[in-house]
Amino acid sequence: RIFTRNVEENRVKGVSLFPVALGSKPGRATLSLGSRSGLARIVDEAEEAPGERIEVEVVTLDGVVKEQGLGRIDLMKIDVEGFEYEVLLGGRDAMRITHRIVVEYDRPELHEAIRRFLGEFGFELVLDYTAHAYFVKGRAVPQPGVGSA
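Residues numbered from 1 in each chain as written. Predicted model: local features only at pLDDT ≥ 70, side-chain atom pairs only at ≥ 80, totals over all residues. Heavy atoms only, no water.

Helix and strand counts for the chain come out as 5 helices and 8 strands. Put simply, of all contacts in the chain between residues at least 6 apart along the chain, 57% involve residues at least 24 apart. Here the chain has roughly 9,900 Å² of accessible surface; of this, 52% comes from carbon and sulfur atoms. (Helix = DSSP H or I, 4+ residues; strand = E, 2+ residues; numbered from the N terminus. Contact = heavy atoms within 4.5 Å. Areas by Shrake-Rupley, 256 points an atom, 1.4 Å probe, with all protein chains shown as cover.)

Below, the structure is given as structure tokens:
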């Protein structure tokens with residue numbers, strides 16, 4: 001709701017909003033809206049979480065890419081409050097046309113799972129900074145001050 005209002009009020013062009021959640025497979029899920037904006041996340045029905053809960057449709061990243069007819073993704077950013085790996089699992093075909101990915105992670109084991117998954121598609125971790133991992137396909141991007149004499 002907030003994104004829709006911001007896009008409309010600011011007359012932003014070239015932005016498409018989809019009122020769905022991304023996951024590893026199509027279906028339905030419970031979304032906890034959290035105690036404040038930006039804290040919404042997918043939860044198990046039995047899990048305790050603050051805020052209102054709503055049921056949402058879940059689609060895959062591959063489904064969205066196919067539906068939109070995308071042939072190339074230059075940069076993808078995934079920040080979905082702990083559900084990042086599930087989004088990636090639903091995007092195997094999308095990984096083949098994606099060149100750079102920024103992924104937020106909140107636990108070391110999530111970071112490792114994401115790193116291994118993306119490695120299967122030729123992505124290399126080039127920067128890991130404040131719970132955000134930056135991956136590039138094919139070759140590492142030189143970082144300022146690293147490896148220069």
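Another point: the pairing of strand β4 (residues 53-59). In this structure, strand β1 (residues 21-22) lies alongside β4, joined through 2 bridges in parallel fashion. Note that in β4 the partner of Leu 22 across the bridge is Val 59. (Pairing = 2+ DSSP bridges.)

The subject of this paragraph is the sheet that holds strand β8 (residues 132-137). In spatial order, the strands read β5-β6-β8-β7; together these 4 strands make up an open sheet with mixed pairing. Since the sheet does not close on itself, it has two edges, and those belong to β5 (73-78) and β7 (123-129), each with one partner. For this sheet, the mean inter-axis angle between neighbouring strands, taken without regard to orientation, is 15°. As paired strands, strand β6 (residues 98-104) and β8 are joined by 5 bridges and run antiparallel to one another. Bridge assignment links Glu 104 to a residue of β8, and that residue is His 132. (Axes fitted to C-alpha atoms, helices over the stretch in contact; angles between N-to-C directions.)

Quick look at the nonpolar core now. With 20 residues, the main nonpolar core has Met 76, Leu 88, Met 95, Ile 101, Ile 114, Leu 118 and Phe 123 as its most contacted residues. Where this core is concerned, the elements lending two or more residues are α2 (61-68), β5, α3 (84-89), α4 (92-97), β6, α5 (108-119) and β8. Take this core: its biggest share by element is 4 residues, from α5. Judged by nonpolar contacts, the second largest core, of 5 residues, contains Ala 21, Ala 29, Leu 31 and Val 58. (Core = buried A, V, L, I, M, F, W, Y, C linked by side-chain atoms within 4.5 Å. Buried < 20%, exposed > 50% of the residue type's maximum accessible area, 1.4 Å probe, protein only.)

This part takes up unusual backbone geometry. For Arg 11, which is not a glycine, the phi torsion comes out positive at approximately 50°. Summarising the element assignment, Arg 11 is placed in the loop between α1 (2-9) and β1. A relative accessible area of 68% means that Arg 11 is categorised as exposed. With phi around 50°, Glu 81 is a residue other than glycine that occupies positive phi space.

Here we come to the environment of Phe 3. With respect to the helices, strands and loops of the structure, Phe 3 is situated in helix α1. Separated by 14 residues in the primary sequence, Phe 3 and Leu 17 place their C-alpha atoms 7.9 Å from one another.

Right, let's talk about the pattern of salt bridges for a bit. Summed over all chains, the structure comprises 10 salt bridges. Across the salt bridge formed by Asp 79 and Lys 77, the nearest N and O atoms sit 3.7 Å from each other. Residue Asp 106 is joined to Arg 107 by a salt bridge in which the shortest nitrogen-to-oxygen separation is 2.9 Å. In this structure Asp 106 comes out as partly exposed when scored by relative accessible area, which is 49%. Classification of Arg 107 by relative accessible area gives partly exposed; the value is 34%. (Salt bridge = Lys/Arg side-chain N within 4 Å of Asp/Glu carboxyl O.)

For α5, spanning 12 residues, the distance from its first C-alpha to its last is 16 Å, which sits close to the expected 16 Å at 1.5 Å a residue. Within the sequence span of α5, burial applies to Leu 110, His 111, Ala 113, Ile 114, Phe 117 and Leu 118. In a view along the axis of α5, the buried residues occupy a sector of 165°, so they form one face of it. Of the exposed residues in α5, those oriented more than 90 degrees away from the buried face are Pro 108 and Glu 109. Looking at the buried side of α5, the elements it contacts are α3, α4, β6, β7 and β8. (Expected span 1.5 Å × (residues − 1). Arc of directions from axis to C-beta.)

The values are spatial; any link to function lies outside them.
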